[in-house]
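A structural walkthrough
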Amino acid sequence: MFIKNEDKLAFVDFEDNKVSFVELIKRVRYFSNEVLKNIDSPHALIIMENRPEWVYSFYSVWDKKEVNVVLDASSNPNEIAYVINDSQPKTIICSDFSEERILEAITIANYQDKARIINIDKENIDFNSIGSEYDNVTLQNPEGDETAVMLYTSGTTGSPKGVMLSSNNIIGEIDGIVEKDVLQANDQMIALLPFHHILPLMATLLLPLREGASIVFVEKIASKEILDVLEKNNVSVMVGVPRVFKLFYDSIKQQIQAKFITRKIYAIAEKINSKRFSRMIFSKVHKKFGGHLNVMVSGGAKLDPEIATFFNVLGFTVCEGYGLTETSPVLAVNSIKYNKVGTVGKALYNTELKIVDEELWVKGPQIMKGYYNKPEKTAEVMTEDGWFKTGDLAEIDKDGYLTIRGRKNSMIVLSNGKNIDPETVENKIMGLSGPLIKEIGILGHEDKLAAIIVPDLLEFRKQGINNIQTYLKDVIERALNFLPEKERKEAVKKSCQRTFQALRIDVNSEFEVLEELLEKLPDALAPGGKVAILTFHSGEDRLVKHAFKYGKKAGIYSDVAKDVIRPSKEECAQNGRAKSTKMRWAIKVK
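Calculation notes
- Residues numbered from 1 in each chain as written.
- Predicted model: local features only at pLDDT ≥ 70, side-chain atom pairs only at ≥ 80, totals over all residues.
- Heavy atoms only, no water.
- Helix = DSSP H or I, 4+ residues; strand = E, 2+ residues; numbered from the N terminus.
- Buried < 20%, exposed > 50% of the residue type's maximum accessible area, 1.4 Å probe, protein only.
- Contact = heavy atoms within 4.5 Å.
- Pairing = 2+ DSSP bridges.
- Axes fitted to C-alpha atoms, helices over the stretch in contact; angles between N-to-C directions.
- Right-handed = clockwise from strand over helix to strand, strands pointing away.
- pLDDT = per-residue confidence, 0-100.
- Parallel < 35°, antiparallel > 145°, perpendicular 65-115°, else oblique.
- Left-handed = near helix turned anticlockwise from the far one by under 90°.
- Nonpolar A, V, L, I, M, F, W, Y, C, P; charged D, E, K, R; others polar.

Here we come to the environment of Y338. Relative to the assigned elements, Y338 resides in the loop between strand 14 (330–333) and strand 15 (346–347). For Y338, a relative accessible area of 42% puts it in the partly exposed group. Measuring from C-alpha to C-alpha, the distance between Y338 and Y401 comes to 9.3 Å, with 63 residues separating the pair along the chain. With sequence-adjacent residues up to four places away left out, Y338 is seen in contact with K346 and Y401.

Printed below as a string of C-alpha cells:
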C-alpha cells in the first residue's frame, strides 16, 4: 500500500485540523465512491493548487485503477490545451482557482463533451457521512510496470513531454531514499512546493505517507506563513528549492552580520563544528523555526555552497540532492552521515552512475518508462541496455560524491575553449550581492559573457548604496575571478554598459503605452543587442508598469530594471514639465 494504515497523524491542513492515516484512507475511498464515481478512462487530469483535496483526488484516481496526470494549477489555457490533446483525459479534477482556464483550454483543444470536469469546490463533500462501511478498507494501487503518474516536462527544448512513471519506479525511488536515512517514521515534513512537480510529489507526499511520517500544509511560500506553520507544529524536515533557503539565509545572515558579537559567535561555531554546540548558541534561530527542524533537503536547482555551510554552522543538517523528472526524481543525495557540501551526495544504493564524454548516464529502478506518445524522444535519451542520458555534465570524485557542472546544452563556450556554466556564475553573483539583486541571467554575446540584472532598488536605498552601476561592476568582477584578467574585464564591461535613449510618449492608458512601446522599441535597441533603455516621466510610471505586464504576458519582452534619473532644469523647461523626475526602464526584447 502507498498509505500507511496506522492510527497516527498523517497530515495537518490549513486550519490546523489533524487527519490520521486511518481517516485519510476512509476519505480517499469516500472520494473514490462519491466524488469520482462513474469515471472510466485511462487518464484523469488533476489541475489544482496544493490542498487536502489534491491528496484525496490523487489516491482516489489510483483507487479507481486510473493513471494520474498532474499539471500546474497556474498553467495558462494553451498549456492546458496541449496536455489535454496529448493525454486525452476523460476526467479533469480542478478547483475554482483553475476551472475558468480549463474551460477555455477545452475550447482551444476542441474537446467539448469529451471529458467530465469535477470542480471539488462545487461538490457536496461531507466527511461526516462516512460510516462503518468505510472501516478496514483496502485501497487499490498501481502495481508493477503499470503507469502510476504522468508529469509534463517544461518543454524548454521543444513541446512538453509526458513522463510516465510506473509503480515500480516509485517504489524503487522510495526504497533508495529510505536507505539514506534522511527521513524517519516519526518525522514531520512541511509541504511547501506544489505537488505537480516530481520533487514535492515524491518527497513531501508519496514518501512520507508510505513510510508513516506526517505532512503539514502551508498556503503560501512566504517567510511569515512558513514560520507560522513551523511554530505551531513539529516539523523536523523541510524539503525546498534553493530560493526557499536563500529567503531565510538573507534575513538571518543580515542579523548576524549586524553585530560584532554575533559575527564572533558564528566564527567560533564554524571552527568548533558541533551540531549540539551550534543548536545551543543559536537557540533563538532554532526557536524561530519551531524548535524541531533538523534537516533541510534542497533540490530542483544548484544550492549555493555558502548557504549550505551557513545553515550547517547554525546547527541544521543540509542535504542537497539531484535528479530529474525522468528519474522519479532522486538519483543522488547527501545524507546526515555522508555529507559533502558543494556536491549532491552519493548515488542511491540501487542506482548506477557513469560519466560518458563528461555527461552523466544513470541506471536504476526509478528510471521512467518513457515519454508518452513519443517513442522517438524516448530513444534519444535511453540506450538499449537501460542507461538514461541526463544531459548534465558531471564529475564523480574518488569518494563517490557527485558534482553537477551544468546542463550540456546550456554551457557557454568561449573562443578560447573555456566552458562556462551560466547557473554557476549566476549563483556566485547572487551569493555575493545578497538581497541587492532580485534576478540575474548570464548569456553569451559576441564571444563574451553578458549579464542581465534586476537590482532591488529599495534594498540599495536601505543600505545607502547610491552608485548601483559601480557596485554591480565590482560584484561581477569578483564573481568572475576564475577568468583570465582580459576576459574578465571584457565581461564586466559588457555586463554593465548601458545605452541611454530617452523616448517621450504621451499616454492616456496602459494600452496606448504598449502600442507606443512596440513602435519605439526597435529604435531604442543598443547596436547589435536586444536591450533597450526607455525613459518616462514619473507621472506615466504607473501606466508604463501595467503596459509591461501586458507585454510580458504576450511574450514580447520582459522588464529588466528600473531606476530614477533627475533631468536638469533646462531639460524640464524644454519638455514643459515642472517635475524633475524620470523613471528609466531597461527592457530585454524576446
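Each strand in a sheet pairs with another by means of backbone hydrogen bonds, the pair being arranged parallel or else antiparallel. Strand order across the open sheet formed by four strands is 16-17-19-20, with antiparallel pairing between neighbours. With one partner strand each, in any of the chains shown, strand 16 (352–356) and strand 20 (402–407) form the two edges of the open sheet. Sheet twist, expressed as the mean angle between neighbouring strand axes with direction ignored, is 50°. Pairing of strand 19 (residues 388–396) with strand 20 involves five bridges; the strand directions are antiparallel. Opposite L393, over in strand 20, you have G406 as the bridge partner.

The element strand 3 (residues 43–47) is extensively covered by neighbouring structure, given that five of its five residues are classed as buried. The alternating pattern of strand 3 places H43, L45 and I47 and A44 and I46 on opposite faces, both of which are buried. Pairing between strand 3 and strand 4 (residues 67–70): four bridges, direction parallel. Among the inter-strand pairings, A44 is bridged to a residue of strand 4, identified as N68. Handedness of the β-α-β unit built from strand 3, helix 2 (residues 52–63) and strand 4 comes out right-handed.

Our focus in this paragraph is the confidence of the model for the chain. Chain-level pLDDT for the chain is 85 on average; 80% of the residues reach the 70-or-more range. Predicted confidence for residues 496–511 stays below pLDDT 50, and this span has 40 contacts to residues more than four positions away or in other chains. Low confidence marks residues 575–580, where pLDDT is under 50. Its contacts with residues over four positions away, or in another chain, come to twelve contacts.

One can find T204 in helix 6 (residues 198–211). With residues near it in sequence (within four places) discarded, T204 still touches M189, I190, A191, F195, L199, I215 and V239.

Turning next to the packing of helix 14 (residues 422–433) against helix 16 (residues 468–479). Two elements in contact, helix 14 and helix 16, have axes separated by 9 Å at closest approach and are oriented at 130°. Regarding the angle of helix 14 to helix 16, the classification is oblique. Judged by the sense of rotation from one axis to the other, the crossing of helix 14 with helix 16 is right-handed. Across the interface between the two elements, K428, I429, L432 and S433 of helix 14 pack against Y471, V475, I476, R478 and A479 of helix 16. Among the residues forming the contact of helix 14 with helix 16, the class breakdown is six nonpolar, one polar and two charged.

Close contact between helix 2 and helix 6 brings their axes to 13 Å; oriented N to C, the two are set at 65°. Judged on the interaxial angle alone, helix 6 and helix 2 are roughly perpendicular. In this structure, helix 2 meets helix 6 at a crossing whose hand is right-handed. Facing helix 2, whose interface residues are W54, V55, F58, Y59 and W62, helix 6 presents L201, L205, L206 and L209. Class assignment for the residues of the contact of helix 2 with helix 6 results in nine nonpolar, no polar and no charged.

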